[in-house]
Every structure is written in C-alpha cells, then in structure tokens.
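Chains, contacts and geometry: an overview
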Amino acid sequence: MTQTTNKRRAEPASKPDELPPDLRRCELISSIYDNARRLGVSHEVAVMICAETQTEWAGQQAYIHKDAEDARRSASERNNKMRRDYQRGESVAFIARRYCLSWRQAYRIVAEPAG
C-alpha cells in the first residue's frame, strides 16, 4: 500500500530564480526567500524552505518578538501573559512558538496556577 502525504508543492515560478506566485502572497515568506538567496542558498532549496514554512504556519499569525522586549519582561510577567493567551483560546503549540519554548514547557506554564 502506498502512503500519500499532504505536502504542499509550490506552483512553478513565472521566471527562473523567482519565488512562485502562490508563495509570493505572504510578505514573511517572500522575506525568507530573499534572505535565503542573499545568504547563498540555491533557488530550489529556498523555494522548498518557503513551501515548508507556509505549510507549517498556514492559518496562524506569526509573532516575532524584539530581543529587548524579552530582556525587560520578567519570567512571571511572561508566564501570566501565556496563561491569558491560553485562556483566550490560543493553542499551547502556538504559545510555545511565540515564546520560543518547547510544547511541554509551555503546557507546564499555562497549566500551573498564577502566583
């Protein structure tokens, strides 16, 4: 029995060495592609990275924090904010990504009482 996957394939680019149209719609994906190319990654690999990233993050809102912001925020403030996000219905996986934590660590934080 052959196993099929739901891996997303990028549409062909209209020109060589150009990001395919279906991946160009997102500014973040376009930026990832441009930075990968600038750093010497081949066109084919850069497109694969973009397609995988779009598949993984499809439908989710990305939050990219500033390092200075995290440095100022104490762990208890961060944990309280994580609990509020969870109570508002955000998934543990999304919260873990937002705060650069493992799923297990994020779950431990949102499950413990504030205090």
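Attention in this report is confined to the structure presented alongside it.

Conventions used here
Residues numbered from 1 in each chain as written. Predicted model: local features only at pLDDT ≥ 70, side-chain atom pairs only at ≥ 80, totals over all residues. Heavy atoms only, no water. Helix = DSSP H or I, 4+ residues; strand = E, 2+ residues; numbered from the N terminus. Contact = heavy atoms within 4.5 Å. Axes fitted to C-alpha atoms, helices over the stretch in contact; angles between N-to-C directions. Parallel < 35°, antiparallel > 145°, perpendicular 65-115°, else oblique. Left-handed = near helix turned anticlockwise from the far one by under 90°. Nonpolar A, V, L, I, M, F, W, Y, C, P; charged D, E, K, R; others polar. Core = buried A, V, L, I, M, F, W, Y, C linked by side-chain atoms within 4.5 Å. Buried < 20%, exposed > 50% of the residue type's maximum accessible area, 1.4 Å probe, protein only.

Tracing the chain through its elements places N79 in helix 5 (residues 75-87). Apart from the residues within four sequence positions on either side, N79 is in contact with I109 and E112.

With that settled, the discussion passes to the packing of helix 2 (residues 27-38) against helix 3 (residues 43-57). Interhelical geometry of helix 2 versus helix 3 gives an angle of 150 degrees and a closest axis separation of 9 Å. The angle between helix 2 and helix 3 places the two elements in the roughly antiparallel class. Like other packed secondary-structure pairs, helix 2 and helix 3 cross with a definite hand, here right-handed. Touching I29, I32, Y33, A36 and R37 of helix 2 are H43, A46, V47, I49, C50, T53 and Q54, all from helix 3. The class makeup of the residues in the contact of helix 2 with helix 3 is 8 nonpolar, 3 polar and 1 charged.

Turning our attention to the nonpolar core. By size, the foremost hydrophobic cluster in this structure holds 9 residues: L19, L23, I29, Y33, A36, A46, V47, C50 and A51. For this core, the elements supplying multiple residues, two or more each, are helix 2 and helix 3. It is helix 3 that provides the largest number of residues to this core, a total of 4 residues. Discounting residues that sit within four places of it in the chain, C50 has contacts with L19, L23, I29, I32 and Y33.

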